[in-house]
Amino acid sequence: MADNMAEDYSYDYEYLFKIVLIGDSSVGKSNLLSRFTRDEFNLESRATIGVEFATRTIDIDGKRVKAQIWDTAGQERYRAITAAYYRGAVGALVVYDISNSESYESVSRWLREMKDHADANIIIELVGNKSDLDHLRAVPTEEAKNFATENRLLFTETSALNAENVELSFHQLLKSIYEMVSKHRFDMDDYGAQKQSTSGPTITLTPTPKDQKVSNGSNCC
Amino acid sequence: MSQVNDYVFSTEESSYPPNQRSLPFFFKNLNNSSHSQSDKIIGASYSHFDRPSGSRSRTSISPERTSIGSVGSLSPRLKTSKALKRLSVFDDDDDWDDGIEEEFLGKETKSLGKLYPDLEYVKPEFQQPSTAPARPVSLIRENYKDILEDPFVILNGLDLQDYKHHKLTELLNADSESLDLNELKKQSWKGLPTELRGLVWQLLLGYIPSNPSRRQSVLQRKRKEYNDTIEQIFNKSKDQIIWHQIIIDVPRTNPSIKLYSYPVIQRLLERLLYVWAIRHPASGYVQGINDLATPILQVFLQSYLVAQANVANLDPDKLDVEILNHVEADTFWCLTKILDTIQDNYIHEQPGIMRQVESLANLTLRIDEKLYTHIKEQNLEFLQFSFRWMNCMLMRELKMDLIVRMWDTYISEFPKGFNEFHVYVCCAFLMKFSEELKEMEFQEMIMYLQDTSKTENWDETDVEMLLSEAYIWQTLYRNATAHLK
Ligand SMILES: Nc1nc2c(ncn2[C@@H]2O[C@H](COP(=O)(O)OP(=O)(O)OP(=O)(O)O)[C@@H](O)[C@H]2O)c(=O)[nH]1
Ligand SMILES: [Mg+2]
């Protein structure tokens with residue numbers, strides 16, 4: 001996949017989706033992001049303080065879709081700061097570490113967090129990272145998969161270390177968002193008009209299916 | 001390039017990781033090169049992704065030099081016979097001053113009078129290695145046991161490389177009853193010599209009293225108190241949430257500096273962070289505090305090493321455990337002193353940081369309105385890029401040796417250095433990139449600001465510029481930020 005990596009300042013895109021990466025500290029959020037945007041795995045990774053930001057543009061159904069991804073700090077203390085970044089996000093990766101059951105048990109807390117602070121129709125994908133540590137596995141794939149199905153979440157197991165399923169997980173999420181948006185195509189004109197002024201974090205494409213009540217003001221249509 | 005066994009230090013190009021047993025298995029797979037034993041370090045081997053950040057340090061040494069025990073000859077020397085004797089810190093039977101009994105050193109009654117009566121600067125010249133066979137040499141100060149008891153002992157036999165610190169040594173050697181703390185602050189503001197940094201930091205932070213008669217007893221008491229606290233706290237069942245966060249952060253602390261990869265250092269950090277967290281329940285442990293402990297730890301370890309030794313490459317397993325124990329306690333107390341001045345950076349909702357970020361925005365508006373307007377027009381929030389600057393004292397943006405230099409000034413401004421003054425420094429830091437930023441849009445700006453490579457080539461001069469600018473702005477705008485604590 002030869003999409004724009006690293007320096008993705010291009011304006012050559014048709015959709016801009018804001019995504020957040022959340023989950024307990026040390027589950028590998030930052031490494032998933034660096035694997036996806038720069039194809040890097042960092043042995044020297046330091047804990048994320050506050051939020052970090054990266055983007056990548058990919059093709060979905062022949063359309064240029066740009067993902068603007070906010071990587072947040074996992075520690076509880078930073079919640080007040082990081083929660084502010086959920087607003088306007090159309091997708092979220094809720095990450096746990098398959099070798100650490102506590103990080104999996106935290107998932108429901110993270111989902112509640114999303115419910116409280118994010119847009120109601122945000123698309124969420126559950127990601128079990130560090131699949132390369134299969135010999136230390138503490139969370140059975142089936143269990144997580146069932147949980148995802150029950151809660152209508154997308155699901156993948158990934159390894160930022162060996163890159164397994166990293167592309168897939170982001171693509172799957174972005175494609176879902178894209179489909180959600182294009183299913184309600186006639187809403188799109190309004191979003192399309194916003195696209196030109198892509199300067200700040202507030203510019204997002206939030207899918208607003210007609211059968212769901214829109215509860216926030218950021219969709220200003 | 002010779003291979004040196006049982007070597008206390010490796011050079012900066014040495015192999016890393018030093019102890020693969022302590023690393024996750026994948027580390028081994030990715031780096032299954034030959035040099036992996038901690039006790040055999042091949043000077044020239046070079047693993048470039050692990051290059052320690054302190055690699056441009058002026059105090060670096062080469063293995064050939066140290067292996068023949070002539071480190072002293074590399075630095076400017078003092079042209080007195082006593083001073084010349086003092087230089088040979090590697091000489092086993094060094095009794096450089098017959099007038100002072102060995103056991104007399106470190107005693108409270110010891111006179112700390114002027115050590116260099118007829119000091120004269122001479123250019124360094126080559127000195128023949130004294131002993132024929134090369135032997136491993138310890139870069140630990142040979143009077144380290146005395147320094148452990150009384151940090152002022154470091155002044156004995158000091159061979160300052162730079163004569164500009166003459167004033168400082170004079171101050172510290174002056175009749176101790178009347179140690180001039182204000183003058184000491186002035187000296188510290190300008191940057192301290194490696195050898196004396198630990199001592200001066202401890203004095204300015206108020207950890208050791210300037211009154212010599214109380215010094216040793218205070219130190220003893222503090223270290224004992226820390227050890228007792230450790231015992232108490234670790235005998236109880238652990239607060240799992242705090243402990244878990246600490247043990248996942250410690251291995252991710254300064255990963256590019258070799259010192260922090262050693263288990264003995266990681267355990268030390270875990271203990272002191274945990275004790276701090278338990279004793280400060282309003283904040284507990286917050287990510288970033290681990291970073292803040294490390295400049296102190298390094299500087300204090302350095303006090304027991306000869307000046308040419310690069311602490312970043314120290315093999316701590318070769319140190320007397322007594323050094324490690326005392327350094328741990330001293331680091332804990334001095335970290336506590338510093339964190340006391342920024343407590344509300346780490347409590348619920350981090351109001352200290354919020355206030356600092358707001359002050360930074362206000363200052364930017366006053367100093368560089370165009371930049372401020374541009375930032376606002378691009379919908380970039382100051383919090384988005386400066387949160388980390390406040391939370392980690394710019395430790396993520398600048399290399400360790402520059403941070404250490406910066407802290408000379410912060411500590412000289414104590415107790416306002418780490419809060420009020422730091423905001424001015426952050427402002428000066430932002431201004432450094434003003435021209436570039438004004439040309440950028442939201443996304444470029446945020447990526448540029450969070451990218452740490454833009455300061456990779458910075459040296460002390462850059463940091464000193466930053467500090468001077470901060471000082472000027474503080475003088476001009478202090479009233480405008482009076483609401484800062
Ligand atoms: N084996 C393995 N280790 C991984 C993987 N992803 C990340 N790690 C390691 O896990 C540790 C934490 O990774 P980070 O990416 O820093 O975790 P994080 O979720 O961003 O953590 P915070 O920033 O503290 O919230 C690092 O030591 C990584 O090298 C993976 O897929 N497999
Ligand atoms: Mg992270």
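Residues numbered from 1 in each chain as written. Chains lettered and ligands numbered in written order. Predicted model: local features only at pLDDT ≥ 70, side-chain atom pairs only at ≥ 80, totals over all residues. Heavy atoms only, no water.

1. Focus: the pattern of salt bridges
At step 1: For the structure shown, the criterion picks out 37 salt bridges over all chains.
At step 2: Between R64(A) and D59(A) there is a salt bridge, and its shortest N-O distance comes to 2.6 Å.
At step 3: Among the ionic pairs, R388(B) bridges to E397(B), the shortest N-O distance being 3.1 Å. (Salt bridge = Lys/Arg side-chain N within 4 Å of Asp/Glu carboxyl O.)

2. Things to note about the coordination of the magnesium ion (ligand 2)
At step 1: Every protein donor of the magnesium ion (ligand 2) is accounted for by S30(A) (OG) and T48(A) (OG1), and the metal-donor separations fall at 2.0 Å. A residue pair is termed long-range when its members are at least 10 positions apart, and S30(A) in helix α1 (residues 29-38) and T48(A) in the loop between α1 and β2 (51-60) qualify at 18 residues. (Donors = N, O, S within 2.8 Å, 3.2 Å for Na, K, Ca; no water. Helix = DSSP H or I, 4+ residues; strand = E, 2+ residues; numbered from the N terminus.)

3. What to know about the UniProt feature "domain: Rab-GAP TBC" (unreviewed entry) in chain B
At step 1: With numbering matched to this structure, UniProt assigns "domain: Rab-GAP TBC" (unreviewed entry) to residues 191-414 of chain B.
At step 2: End-to-end, the C-alpha atoms of residues 191-414 of chain B are 14 Å apart, and along that stretch the chain is 65% helix and 0% strand. (UniProt positions renumbered as here; feature names shortened; annotations may be inferred.)

4. Structural notes on the site of ligand 1
At step 1: The environment of ligand 1 is formed by 25 residues, the closest being S25(A), S26(A), K29(A), T48(A) and D132(A).
At step 2: Those chains with residues close to ligand 1 are chains A and B.
At step 3: Note that an oxygen atom of ligand 1 is positioned 3.0 Å from one of the side-chain N or O atoms of K130(A).
At step 4: Contact between ligand 1 and R252(B): an oxygen atom at 3.0 Å from a side-chain N or O atom of the residue.
At step 5: Relative to its free-state accessible area of 660 Å², ligand 1 is covered by the protein chains to the extent of 94%. (Near = heavy atom within 4 Å. Polar contact = N/O pair within 3.5 Å; in protein donor to acceptor, adjacent residues only side chain to side chain. Areas by Shrake-Rupley, 256 points an atom, 1.4 Å probe, with all protein chains shown as cover.)

5. Quick word on the packing of aromatic side chains
At step 1: All told, the structure shown has 29 aromatic pairs over all chains when counted by the stated rule.
At step 2: Note on Y78(A) and F387(B): the rings are 5.6 Å apart at their centroids and 80 degrees apart in plane angle, and the pair reads as edge-to-face. You can see Y78(A) sitting in the loop between β3 (63-72) and α2 (79-83) and its partner F387(B) sitting in helix α15 (residues 382-391), one on each of two chains. Each member of the pair, Y78(A) as well as F387(B), is classed as buried.
At step 3: Through a chain of ring-to-ring contacts, three or more aromatic side chains come together here, namely Y372(B), F382(B), F385(B), W389(B), F429(B), F433(B), Y448(B) and W458(B).
At step 4: Geometry around Y448(B) places K454(B) over its ring, the cationic atom sitting 5.5 Å from the centre. (Phe/Tyr/Trp six-rings, centres within 6.5 Å; stacked < 30°, edge-to-face > 60°. Buried < 20%, exposed > 50% of the residue type's maximum accessible area, 1.4 Å probe, protein only. Lys NZ or Arg CZ within 6 Å of the ring centre and 35° of its normal.)

6. Some details on the interface of chain B and chain A
At step 1: The interface is formed by 44 residues belonging to chain B together with 39 residues belonging to chain A.
At step 2: Here chain B and chain A share an interface that buries about 3600 Å² over both sides, 56% of which is from carbon and sulfur atoms.
At step 3: Area buried by chain B at its contact with chain A is led by R252(B), Q287(B) and Q443(B), which between them contribute 17% of it.
At step 4: R46(A) serves as the salt-bridge partner of D291(B), at 4.0 Å between the closest nitrogen and oxygen.
At step 5: Remark: the boundary between chain B and chain A carries 15 residue pairs in polar contact (both at pLDDT 80 or more).
At step 6: Those elements giving two or more residues to the side of chain B that touches chain A turn out to be α1 (25-30), α9 (240-249), α15 and α19 (442-450) of chain B.
At step 7: Residues that form the side of chain B that touches chain A fall into these classes: 20 nonpolar, 15 polar and 9 charged. (Contact = heavy atoms within 4.5 Å. Buried area = accessible area lost by both parts, 1.4 Å probe. Nonpolar A, V, L, I, M, F, W, Y, C, P; charged D, E, K, R; others polar.)

7. Section: unusual backbone geometry
Residues and elements named next belong to chain B.
At step 1: Residue P415 is bonded to the preceding F414 through a cis peptide linkage, with omega at 5 degrees.
At step 2: Looking at the element boundaries, P415 is found in the loop between α16 (400-412) and α17 (417-431).
At step 3: With phi around 60 degrees, N379 is a residue other than glycine that occupies positive phi space.
At step 4: On the basis of relative accessible area, N379 is assigned to the partly exposed category, the value being 32%.

8. A short note on the confidence of the model for chain A
At step 1: Overall, the predicted model of chain A reaches an average pLDDT of 82, with 78% of residues at or above 70.
At step 2: The low-confidence segment residues 1-6 of chain A (pLDDT under 50) makes 20 contacts with residues lying over four places distant or belonging to another chain. (pLDDT = per-residue confidence, 0-100.)

9. Concerning the domain arrangement of chain B
Residues and elements named next belong to chain B.
At step 1: Each assigned domain of chain B is listed with its residue range as follows: domain 1 (143-341) and domain 2 (351-478).
At step 2: Taken over C-alpha atoms, the centre of domain 1 sits 27 Å from the centre of domain 2.
At step 3: The interface is formed by 25 residues belonging to domain 1 together with 24 residues belonging to domain 2.
At step 4: Taken together, the two surfaces of domain 1 and domain 2 that pack against each other cover about 2000 Å², and 66% of this comes from carbon and sulfur.
At step 5: If you sort the residues of domain 1 by the area they bury against domain 2, W189, L292 and T341 come out on top, with a joint share of 33%.
At step 6: Here domain 1 is connected to domain 2 by 2 salt bridges. (Domains from an automatic or database assignment.)

10. Regarding the confidence of the model for chain B
Residues and elements named next belong to chain B.
At step 1: On average, residues of chain B score 76 in pLDDT, and 69% of them reach the 70 mark or higher.
At step 2: Within the model, the stretch residues 1-129 combines pLDDT values under 50 with 222 contacts to residues more than four positions away or in other chains.
At step 3: Complex prediction metrics read pTM 0.77 and ipTM 0.81.

11. What to know about the sheet that holds strand β5 (residues 123-129) of chain A
All names here are of chain A.
At step 1: If you trace the 6 strands from one edge of the open sheet to the other, you get β2-β3-β1-β4-β5-β6, paired in mixed fashion. Of all strands in the sheet, those bounded by a partner on one side alone are β2 and β6 (154-157). Ignoring which end each strand starts from, the neighbouring axes of this sheet average 25 degrees apart.
At step 2: Bridge count between strand β1 (residues 15-23) and strand β4 (residues 91-97): 5 bridges; the pairing is parallel. The residue of β4 that forms the bridge with I22 is V94.
At step 3: This element, α1, spans β1, β2, β3, β4 and β5 of the sheet and lies at about 155 degrees to β3. (Pairing = 2+ DSSP bridges. Axes fitted to C-alpha atoms, helices over the stretch in contact; angles between N-to-C directions.)

12. Some remarks on the pairing of β6(A)
Sheet faces and side chains relate simply in a regular strand, where the side chains alternate between the two faces.
All names here are of chain A.
At step 1: As paired strands, β5 and β6 are joined by 4 bridges and run parallel to one another. Within β6, the position partnered with E125 by the bridge is L154.
At step 2: Remark: the β5/helix α5 (residues 141-150)/β6 crossover connection has right-handed handedness. (Right-handed = clockwise from strand over helix to strand, strands pointing away.)

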